[in-house]
Structure formats: C-alpha cells, structure tokens
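What follows is each chain in one-letter form.
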Amino acid sequence: MPISIPRTLILGARSLSRLPAVRRQSTKTTDTDKFKKSFRGQLYDSTAQRIQNERAALMNAKLRSGSTEGQTGSEKVSGTLAGVFAAVTVAAVFYYLGSLSVPAPPIDSTSPLKNFPSPKHDLSKLNLEASWAEFVALLGAEHVSTAKEDLSRHSASEWSSYHGGAKTPFLIVYPSTTEEVSGIAKICHQRRIPMTAFSGGTSLEGHFFPTRGGVCVDFSRMDKILRLHKEDLDVVVQPAVGWEHLNDVLAEDGLFFPPDPGPGAQIGGMVGTGCSGTNAARYGTMREWVLSLTMVLADGTVIKTRQRPRKSSAGYDLTRMFIGSEGTLGFVTEATLKLTVRPASESVAVSSFPTIKDAAETVAEVMAKGIPIAAIEILDDVQMRCINQSGSTSRAWKEEPTLFFKFAGNSPAPRFTAKQISKRDFLFGKGTQSGVKEQIALVKQIGKSHRSQSFEFARNNDEALELWSARKEALWSVMALRRDENDHVWTTDVAVPLSRLADIIEATKADLKESGLLGSMVGHVGDGNFHCILLFNKSEQEVADGVVHRMIERAVKMEGTVTGEHGVGLVKRDYLEGELGKETVDAMRRLKRAFDPLCLLNCDKVVRVEPKDRKLK
C-alpha cells in the first residue's frame, strides 16, 4: 500500500532547497561552545576536572609524605646508633671501674706477697651473732661455746713459742662428724668468717692462735677409732684420737703406730705439723705413716685423697700436700694410718759424756755404721739438771750431756693378742734378745771411743720405762723451774745433715751459755734434729730472739731446715725464704690461694698473706 506524505511537509522541503548553502562547521568545541552546552554537560565537565585536580593533589601529597618519611627514618637510625654508642661507652666505663676493684684471674705460677689480695673477712657483730644462731641449729646449743675460759684456752698455751697476741675467737664449735665440719665451713664461707682448727693443743709455734678471731673448730668430740684392718696393717681414725691411746688399743693385737711426739698430741695436729718423735731415726716421720685423708675444704667441700693401698701413682699426691699444711688448706676429719708389727724385743740404754760434742759425734758414728737403732735422744747437762731439780722422774741423773738409746730386735714379734702375751713380754721378747744385745755392745764400744763416762742399760721393762721417762719429761721439767708467772718458755727446733750435727750443737751450746738464759738442748739426733728450750721474761725477750735467730741461721747455712718437726706456725714464716728461696715461698702462697681463696683457714700461718707492717708481727 503506497505511503501518503502530507502536503505540508512537501511544501517545507521545497522551500528549504531554495535557501543559500550553509558552510559545514568543525565539531571541535571552543570556550564559547562551553557556555552554549547544556547544564548537564557542564556539570559533567566540572566534576571530571575536580576529580582530576584531587588526584593531582593526592599525588603531590604522597610525594611530599615519602620525602618526609625518608628523612624521619634516617633520623631514627641516627638516634638508634647514638643510643647504642652511648650504651657501649657506659658499659666500657663501668667495666673499667669494675676491673679496678675485682682483680683479673692470676696467670702467673706463683703469688708474690705484693700481689696477694688482702683478706676481706666480715667480723661485724651482726654477722657473727647471726652465725651463732646457724651453728646452734647445726650442732645444738651444748656444742657451741662463747664462755670466756673456753675462748682463752683455745687462743694460747704456756708452752707455745708465740706470746705476741691477746686475740680470741668469737666462739668455739664442737663437731662430731665430717658432715658437721662441712656444715660449719659452709656457714663460715658464706659469711666470710675465718676459722682455726684445734686438736690436742700441744703445738709449739702458735699454730692455733686465732690471728683474725672468728671461729675455732675444736675436734675433741671426733675421737673414735673407726675401723681397724688387722690383716692390711692399717687403721682409720678421727682427728682427736691420741697417739698414746691408739697404741694402747693396737697393742692388743701386737701392732703399733710409730710416730711418737709429745704427750697429749692427737692425730689431727700430728698430720697438720708433719711431726715425728723419738722413733723417727728408724721409722721416719708422719708423712711415711699416712695412707689417705678425708678433708673438708674452705667452702665445705669434702674430699678423700686416696684409697687404702700401700702405694699408688694415681694423680697428684694430695695426701702428702695436706700433711704439714698446719690447717691452712683444709680440715682433717679422718685419717687412714699405716701400722707395723711391734718388735719382738726392745731395750733402753743411757750413756753420759764429758761434752755435748762428744755425745753428738757418737751419734754420727752410730748412724754411719748402720746399726739399727730404734731411737737416739740427746739431753745436755742443763736439761739433766732441770730434770733433777724438778723431781719429774723417780731417780737422780748425772748432770752431764747424755744419750738415750732405744734398741729393737730385727725380727717382728709374733701376732699374739694381749691374752696370749703381756706388754712386758712384747718389750722384752724372748726370741730376738741376742740381736738387741749385739746392738748394745756395738754402741757401747763406739761410745767409749768418744770418751763415754758411763753406760747403763735397762734389764727389764720397769727400768726401761724409768730410763726413757727422763726424755719425755724434758719440756715439763724446764717449765717447772719458771721463776714466776711472767716467765715464758720458748721451744724451737732445727735439723741438719748428720755430718754437721756436732758442729751446730757445739756452736748453739756456746751461744746459750753466753746469753745468760736458762736454756737446755734436747733432740731426736738420730735424724739430725734437735731442740732448744729457753726460759725468759719480757726484759729478756731480745736476748731469746737472738739465740733462736742465730740457731736457725746456722742450720740454714749448714744446708739444714728451720724446723725438723714443730712446723712453721707464726714464728718461722720469715725464715722460709732463707731456706727455700722467694720463688718457692711464692709457690706455696699460690697453693694457699688455690685451696682457700678467701683466706679463711688458719690465716697468717706458714706463709704471710699480708706485709709485715700489719699489727700482727
């Protein structure tokens, strides 16, 4: 169907075609066109432009922010480095200051006195009273004493060569076991309180004088024979067992322990001083008769130095190190001792001489010819006079230089018990008297060649005990002759090679006579060891000092020792360098520091730990 177009539209189109041509315009919008746009278009363009401007502003802000953050981070790093540097600097300063107050660990092998740290003990009243409460809790109140008479008894003795101090310990403790001794040491170590050991109290060189006060450990409750191994010939004992009591018990089984120092000596002190006695010429000193020790160290540590074999090459010989250390390295709480079989036959003889030199030369020849003498003791004329005047024995003696001999049969006694054989028969055994008689005859002959004036030998046990009693009463007989309570006794000893014995005895005898003091000479001369016993008062102190000083100097010059058996203690510390050399003494001081770094154990004994200018001299 054909489409019909309205007539009006046809007429409109004809009219448009007659108009002039119009030029085509560019489609590019101009600024003028913007104003001709619709409101909607204008709104769109405005929004787009705003968003674009905001994006540009945001970008600029980010750029600025990034720059600021980089700067702040750099500042933070710089601040951190500065803080680290400051901290390191402060630490270095404090380390340096600390190094001045706490010395660096020693790297030298010895400890010269100038480098030895001064002991730092805490003896404040508060600390000591607090320790008393701890000791009571450990031992019980009945075993802790502060009684004045106890403190005095544990500070000095009438027979000690040291008379220079009046210091006493703060208290006395009485342990009964190794564990209790360890507990005492731990308390003192924690509180830095010095300790001093006390056994029989018979030492002669000021060994138990409490130079720093503190605590005295009295071992008198530890007096038990713990175990006797008869077949192994050894015995385990506590430190307060006396050698005389021990030998009484051992005699029941035909055994004995040879070291025999002064009456009353106990095993702990005998170990501490490395003593010997009259039997040393044949049997040696304490060092030869100790197999092992149980020791409590300064901090309470408990060690055992050996097992029970007769010999061992396992490790350092700590046993011998502690023997003679005088309680400065540790406390003895148990000792395993060697024993031997009692000789089948013994006898005693006494011989007098016109001079001390004659007697000494007799000793040298007897020993040089290898005659198996059990003991040879010398007492000079002054000593024999002291014995007579004091009335300490049951008989009177010739007041001349005198030798006391003890002879023993070569063969040991059979292992009989006390029920089978008496102690008298042990001393005068039936089987080997011929050997003893032969020894007596040889010694008598040698004595005659040196002008012996008499020779008397015991015919039975009673006579032997009577003859030998004079030697054991030497010290007490001199003490009995004190003029008043102001008199002091000084007992000192030295030892020299046997070939120099006569020389030093003669020179010392002349020095004693010239001094004007009452002074006697006694000694275990069979091994070159002799003693000098001086009686003096305060006004005679310098004279006594001079006699002892010259006696020691003579011994050192003769390649001898400043002490044969008494020990060093306080009096002979400064003579050690002359005998052993400075480096050796410095090595001993290093040993002290290794075992007792706080210097708590028997401070100031054996080696000095502070210079001489301290109050204690």
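Conventions adopted
Residues numbered from 1 in each chain as written. Predicted model: local features only at pLDDT ≥ 70, side-chain atom pairs only at ≥ 80, totals over all residues. Heavy atoms only, no water. Helix = DSSP H or I, 4+ residues; strand = E, 2+ residues; numbered from the N terminus. Buried < 20%, exposed > 50% of the residue type's maximum accessible area, 1.4 Å probe, protein only. Contact = heavy atoms within 4.5 Å. Areas by Shrake-Rupley, 256 points an atom, 1.4 Å probe, with all protein chains shown as cover. Pairing = 2+ DSSP bridges. Axes fitted to C-alpha atoms, helices over the stretch in contact; angles between N-to-C directions. Polar contact = N/O pair within 3.5 Å; in protein donor to acceptor, adjacent residues only side chain to side chain. Core = buried A, V, L, I, M, F, W, Y, C linked by side-chain atoms within 4.5 Å. Phe/Tyr/Trp six-rings, centres within 6.5 Å; stacked < 30°, edge-to-face > 60°. Lys NZ or Arg CZ within 6 Å of the ring centre and 35° of its normal. Expected span 1.5 Å × (residues − 1). pLDDT = per-residue confidence, 0-100. Salt bridge = Lys/Arg side-chain N within 4 Å of Asp/Glu carboxyl O.

- By the naming in an unreviewed UniProt entry, the protein goes by D-lactate dehydrogenase (cytochrome) and is assigned to Tuber borchii.

**Looking at the overall build of the protein**
Here's step 1: Along the protein, the regular secondary structure elements total 20 helices and 18 strands.
Here's step 2: The 617 residues of the protein split such that 47% are buried.
Here's step 3: By sequence separation, contacts in the protein at least 24 residues apart represent 75% of the contacts at least 6 residues apart.
Here's step 4: A total of about 31800 Å² of accessible surface is found on the protein, and carbon and sulfur atoms cover 55% of it.

**Observations concerning the sheet that holds strand β1 (residues 144-145)**
Here's step 1: Sheet architecture is open: four strands sit in the order β1-β2-β4-β3, paired in mixed fashion. The strands lining the two open edges of the sheet, one partner per strand, are β1 and β3 (195-198).
Here's step 2: Pairing analysis gives three bridges linking strand β2 (residues 171-173) to strand β4 (residues 215-218), with the strands arranged parallel. From the neighbouring strand, V173 faces β4, where its bridge partner is V217.

**Some thoughts on the sheet that holds strand β6 (residues 234-237)**
Here's step 1: With antiparallel pairing, the five strands of this open sheet are ordered in space as β5-β6-β10-β8-β9. The sheet is open, and its two edges are formed by β5 (225-229) and β9 (302-304), each paired on a single side. Mean inter-strand twist for the sheet, computed between neighbouring axes without regard to direction, equals 10°.
Here's step 2: Across three bridges, the pairing between strand β8 (residues 290-296) and β9 is antiparallel. Each residue of the ladder has a partner; that of T294, found in β9, is K304.
Here's step 3: In this fold helix α6 (residues 178-191) packs onto β8, β9 and β10 (331-338), with an angle of close to 45° to the strand it touches most, β8.
Here's step 4: Running over the sheet, helix α7 (residues 243-250) touches β5, β6 and β10 and is turned about 40° from β5.

**Things to note about helix α12 (residues 381-390)**
Here's step 1: Within α12 the residues assigned to the buried category are V382, Q383, M384, C386 and I387.
Here's step 2: Between a side-chain oxygen at the N-terminus of α12 and the backbone nitrogen of V382 the separation is 3.3 Å; the capping residue is D380.

**Let's talk about the nonpolar core**
One broad rule of soluble globular proteins: the nonpolar side chains tend to lie buried together.
Here's step 1: With 47 residues, the main nonpolar core has L403, I505, V525 and F530 as its most contacted residues.
Here's step 2: Contributing elements (two or more residues each) for this core: α11 (356-368), β13 (373-379), β14 (402-408), α14 (433-449), β16 (488-495), α17 (501-515), β18 (529-536) and α18 (541-557).
Here's step 3: Considering each element in turn, this core owes the most residues, six residues, to α18.
Here's step 4: Beyond its immediate stretch of four places on either side in the chain, F530 contacts T492, D493, V494, L501, I504, I505, T508, M521, V522, G523, V525 and M551.

**Details of the pairing of strand β17 (residues 518-524)**
Here's step 1: Burial analysis of β17 places six of its seven residues in the buried class, the great majority of the element.
Here's step 2: Of the pairings in the sheet, the one linking β13 to β17 comprises two bridges and is antiparallel in character. When the bridges of β17 are listed, I378 appears paired with G523.
Here's step 3: Of the pairings in the sheet, the one linking β17 to β18 comprises seven bridges and is antiparallel in character. Across the sheet, the residue bridging to M521 is C532, located in β18.
Here's step 4: Connecting β17 to the next strand, β18, in antiparallel fashion are four residues, including G528 with a positive phi near 80°.

**Here's the deal with the packing of aromatic side chains**
Here's step 1: Scanning the model with the defined rule gives 10 aromatic pairs in all.
Here's step 2: Ring geometry for F198 against F208: centres 5.0 Å apart, planes inclined by 80°, an arrangement best described as edge-to-face. On the criterion of sequence distance, the pair formed by F198 in strand β3 and F208 in the loop between β3 and β4 is long-range, its members being 10 residues apart.
Here's step 3: On the basis of relative accessible area, F198 is assigned to the buried category, the value being 7%.
Here's step 4: On the accessibility criterion, F208 (8% relative accessible area) is buried.
Here's step 5: Ring centres of F256 and Y283 lie 5.4 Å apart, and the angle between their planes is 85°; this geometry places the pair in the edge-to-face category. Of this pair, F256 sits in strand β7 (residues 255-256) while Y283 sits in helix α9 (residues 280-283), placing them 27 residues apart in sequence.
Here's step 6: Its end group placed over the ring of W397, R395 keeps NZ or CZ at 4.1 Å from the ring centre.

**Quick word on α6**
Here's step 1: Taking 1.5 Å per residue, 14 residues should reach 20 Å; α6 reaches 20 Å between its end C-alpha atoms and fits that length.
Here's step 2: Those residues of α6 that sit buried are T178, E180, V181, S182, G183, I184, A185, I187 and C188.
Here's step 3: Immediately beyond the C-terminal end of α6, within one or two residues, lies R192, with a positive phi of roughly 55°.

**Digging into the confidence of the model for the protein**
Here's step 1: Chain-level statistics for the protein give a pLDDT mean of 84 and a share of 81% at 70 or above.
Here's step 2: Predicted confidence is poor over residues 1-36, with pLDDT under 50, and the contacts of this stretch with residues over four places away or in other chains come to six contacts.
Here's step 3: Overall, residues 411-431 carries pLDDT values under 50, and its contacts beyond four positions in sequence, including any with other chains, amount to 55 contacts.

**Structural notes on unusual backbone geometry**
Here's step 1: Phi at C599 takes a positive value of approximately 55°, unusual for a residue other than glycine.
Here's step 2: By the element assignment, C599 lies in the segment after α20 (582-595).
Here's step 3: Using a relative accessible area of 2% as the deciding quantity, one classes C599 as buried.
Here's step 4: A positive phi is found at D604, a non-glycine position, where the angle reads about 85°.

**Some points on the side chain of R589**
Here's step 1: Position of R589 among the secondary structure elements: in helix α20.
Here's step 2: You can call R589 buried: its relative accessible area is 4%.
Here's step 3: Within polar-contact distance, the side chain of R589 engages the backbone oxygen of R608 at 2.8 Å.
Here's step 4: Beyond its immediate sequence surroundings of up to four residues, R589 is in contact with S111, P112, L113, F116, V607 and R608.

**Brief notes about the pattern of salt bridges**
Here's step 1: On inspection of all chains with the given rule, the structure shows 24 salt bridges.
Here's step 2: A salt bridge links R483 to E540, with the nearest nitrogen and oxygen atoms 2.9 Å apart. Separated by 57 residues along the polypeptide, R483 in the loop between α16 (474-479) and β16 and E540 in the loop between β18 and α18 bring together distant segments of the chain.
Here's step 3: Note that D511 and R550 form a salt bridge whose closest N and O atoms lie 2.8 Å from each other. One end of the pair, D511, is in helix α17; the other, R550, is in helix α18, with 39 residues separating them in the sequence.
Here's step 4: When salt bridges with common partners are traced through the structure, they connect R212, D604 and E610 into a single cluster.

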